[in-house]
Each structure stands twice: as structure tokens, then as C-alpha cells.
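Each chain is listed here by its residues.
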Amino acid sequence: MANFRITILPGDGIGPEIVAEGVKVLKAIEELYHHHFEIKEALIGGISLDQTGIPLPDETVASCQASDAVLLGAVGGPKWDQNPGHLRPEAGLLGIRKKLGLYANLRPATAFESLVDASTLKPEVISGVDLLVVRELTGGIYFGHKERREVNGVAEAVDTLHYNEKEIERIAHTAFRLARLRRNKVTSVDKANVMESSRLWREVVIRVAKEYPDVELEHVLVDACAMQLIRTPKHFDVIVTENLFGDILSDEAAMLTGSIGMLASASLGEGTFGLYEPVHGSAPDIAGQGIANPIATILSVAMMLKYSLGLKVEADLIELAVKSVLEKGYRTGDIASTGDEVKGTVEMGQLIIEEMKALKK
Ligand code: NAD
């Protein structure tokens, strides 16, 4: 039995509906394994603007900092779209990531056998895919020197890509540690044939790898990786890469396996602390209708258990229950085909919890 503190940030739109299902899954884990989750809810995004006038109150940051992990729904909606930048819901999201020092973004792509036909790729290419893209989030070209200038009457723009060895070291350690929880393989992606920052990246990753002799390391150039992700995605376990390459490759990997309503994510900082959230947004078009797919959030809870709380067996149970419910043919609207029995948000959450209980027996 273990005690954990978790802050939940439901946010806007479908956020509260899907986070409620995530919390029910946590309660089921409490019951099944006799852990204790002390769950505290806090404000972020549009709802926070409405109630406090700002998108990220200090109390929210303090609650997250005092927690072992954070579960976030989504923020944003048309109501706040005309607000100035610092008073937009998204400012809350960027603010919390920064305040919590989250430098590693994790995006898994997992093929569910019962949904392989939903992919644009052939079923035999998708079947069995289970990979994790680890993207460096706080360095690289997004944070380098930016300049607009004119030289001899010709407009120019400059963005510099900067990394130091400490930034590379910590993300490499994250990737190797995660690989140990998976299939012990890391693919480091760079452009070391052309870019100096990539050559430093490769040197540092090789150095860090010596501390993980049980984990296999390979280096793949980013262009080759983009091709291989489409051709033989099963080849990959953990892919680690810098910010810009990771931005592109994680979206490419996400699209291998289908609906946005299924995609989980995590952002990790120092130690085991992490913020977990579905990849999708607040879906204002379906908010309040009880039809949102809660699976991305429930799979984000599974990631939280595995990567922040050290509860791998419990996380595996959630993933297995999701898989099994899908195999039985249950679908929410976003992943349904003609003839499928369509379930709502609460029903889908309940089916997954019942399956967890049945599988645990
Ligand atoms: P979105 O992801 O919210 O929705 C895109 C489409 O996917 C919509 O048709 C929606 O109904 C559907 N969808 C999304 N999640 C679903 C789910 N769980 N189940 C079923 N269908 C689902 O993206 P958008 O429409 O571009 O943005 C809507 C709002 O969300 C905007 O205000 C945007 O700024 C915000 N947003 C927030 C985040 C975040 O909080 N991390 C991320 C992206 C967008």
C-alpha cells in the first residue's frame, strides 16, 4: 500500500467530463490494490479566468508542486478566443509547464488490434506497434535567438538552435530510464551528418548510454526516421530527440494509430514528477453532451501510474482493460464504424472499470 498526492486540473469543454472518468479509474485502482490517492482539484484555463480573472492562479501551481503527479483535462474555448494573449486559457497551460520545469514530453503510439483498420496504413504494418516518442521540450530552436533583419534591401530571418550538454544529458537519462520500463531499446534521432548541435547530441547520448548497458542504443537520422515510422513502425521502442524533430515526429507517430480521442501524453520534469494529459483539446463542439471519448485520459492515468508513481502492474491492468473493452466491440462515437454499438463517456469509463475488476480476479 502506498500514498500519493495527485492534483487534477479538469479545465474547460470536455475536460471535466473526461477527467471525471480518469478519477474513477484511480478510485478503482485504490480499491483493487489498496493504495491511497489524495486527490485535489484546482483551476486552470477558461474556468479559472471566469472565477479568478487569471488563467493560472498561484494556488494551482502550489497544489501541483506539492503533488506526485498532475492530471490535466484540456483548456480553451470560443468564449475566451478574443482575450489578449496573457488572458487566454492556453497561457495557463504554457505557464504550468514552465513553472513545473517539465522538459520531457512523452507521446506513446500504441496499436489496438481491434482498431488497426482505422489507420491509413496497412493492418500488417500497424499491428503490434508500441512506441514512445520522448521529445526535449525546453531547448532547441524554439528558444534560441530570433531575429528579423534586412541585408542590402533583402529581408532575412534567423532562428538559432542551441543545446548544452546538461540539457541533452537529462533528456537522454529520461529516455534510458523509460526504456527500462518497456523493451530496453532507445533510438536517438538527430541530423549529425549536417548539424553541429546534433553531433553534440549524439556524443552526449553515447556517453549517457554507458550507464545503461542493458539498454540497446541506435542512432537514426531524422529524415530516415520519418520514413521508417511509416514503413516499419514496429522497429521502434523509445525514440528520443530534440524539440523541433520531436514536434514533427510525435505528430507523425500519433497518426499511425488513429483517433485523437485515444492519444495520451505526459510531460516529465526532474525526478519522477509528471503532468499527464490527453493530446486532444477541449472539443467545445461536443462539450456537455456526454459523448467524448475518455480513453486518452484513462491511458494518461495509466502513464501516470507507470512513470511517476512506480505502479507498473496497476498501469498494465488499465491498458489491458482498455484493450479488452475495445476487443469486445465497445466504441465511443469518434472510433465507431457503422453497425457498432456507440457508448457515451460515462458508459465507456464504467466498462473499462468493470473490465479492470474482472481481469484482476
Ligand atoms: P480538439 O482536439 O479540441 O478537437 C478536434 C476535433 O476532435 C473535434 O471535432 C472534437 O470534437 C474531436 N475530439 C477531440 N477530443 C475528443 C474526444 N476525447 N472524444 C471525441 N472526439 C474528440 O481541437 P480544436 O477543436 O482544434 O480545439 C478546441 C479547443 O481546445 C481550442 O480552444 C484549443 O485552443 C484547445 N486545445 C487545447 C489543448 C490542450 O488543452 N492541451 C490542445 C489542443 C487544443
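Residues numbered from 1 in each chain as written. Predicted model: local features only at pLDDT ≥ 70, side-chain atom pairs only at ≥ 80, totals over all residues. Heavy atoms only, no water.

Caption draft 1: The arrangement of the pairing of strand β10 (residues 238–241) in detail. Burial along β10 is two-sided: the residues Val238 and Val240 and Ile239 and Thr241 are all buried. Examined bridge by bridge, strand β5 (residues 130–136) and β10 share 4 bridges and lie parallel to one another. Bridge pairing in β10 places Val133 opposite Ile239. Where strand β8 (residues 185–190) meets β10, 4 bridges bridge the pair, whose relative direction is parallel. (Buried < 20%, exposed > 50% of the residue type's maximum accessible area, 1.4 Å probe, protein only. Helix = DSSP H or I, 4+ residues; strand = E, 2+ residues; numbered from the N terminus. Pairing = 2+ DSSP bridges.)

Caption draft 2: Up close: the site of the ligand. Around the ligand, the structure places 20 residues, and the nearest of them are Glu90, Gly281, Ala283, Asp285 and Asn293. Glu90 places a side-chain nitrogen or oxygen 2.8 Å from an oxygen atom of the ligand. Within the backbone of Ala283, an N or O atom sits 2.8 Å from an oxygen atom of the ligand. Relative to its unbound accessible surface of 800 Å², the ligand loses 68% to contact with the protein. In the shell around the ligand, the residues fall into 9 nonpolar, 7 polar and 4 charged. (Near = heavy atom within 4 Å. Polar contact = N/O pair within 3.5 Å; in protein donor to acceptor, adjacent residues only side chain to side chain. Areas by Shrake-Rupley, 256 points an atom, 1.4 Å probe, with all protein chains shown as cover. Nonpolar A, V, L, I, M, F, W, Y, C, P; charged D, E, K, R; others polar.)

Caption draft 3: Highlighting the domain arrangement of the chain. Splitting the chain by domain gives domain 1 (1–110 + 258–361) and domain 2 (120–257). Look at where the C-alpha atoms of domain 1 and domain 2 centre, and you get two points 25 Å apart. Counting from both sides, the interface comprises 20 residues of domain 1 and, opposite them, 24 residues of domain 2. When the buried area of domain 1 at its contact with domain 2 is split by residue, Tyr103, Arg107 and Ala109 rank highest and sum to 36% of it. Linking domain 1 with domain 2 are 2 salt bridges. Arg170 is the salt-bridge partner of Glu270, the closest N and O atoms lying 3.8 Å from each other. For the pair domain 1 and domain 2, the number of links is 6 residue pairs in polar contact (both at pLDDT 80 or more). Of all the elements in the fold, those that place two or more residues in the side of domain 1 that touches domain 2 are β4 (104–110), β11 (264–268) and α10 (295–307). Element by element, the count of residues in the side of domain 1 that touches domain 2 is highest for β4, at 7 residues. (Domains from an automatic or database assignment. Contact = heavy atoms within 4.5 Å. Buried area = accessible area lost by both parts, 1.4 Å probe. Salt bridge = Lys/Arg side-chain N within 4 Å of Asp/Glu carboxyl O.)

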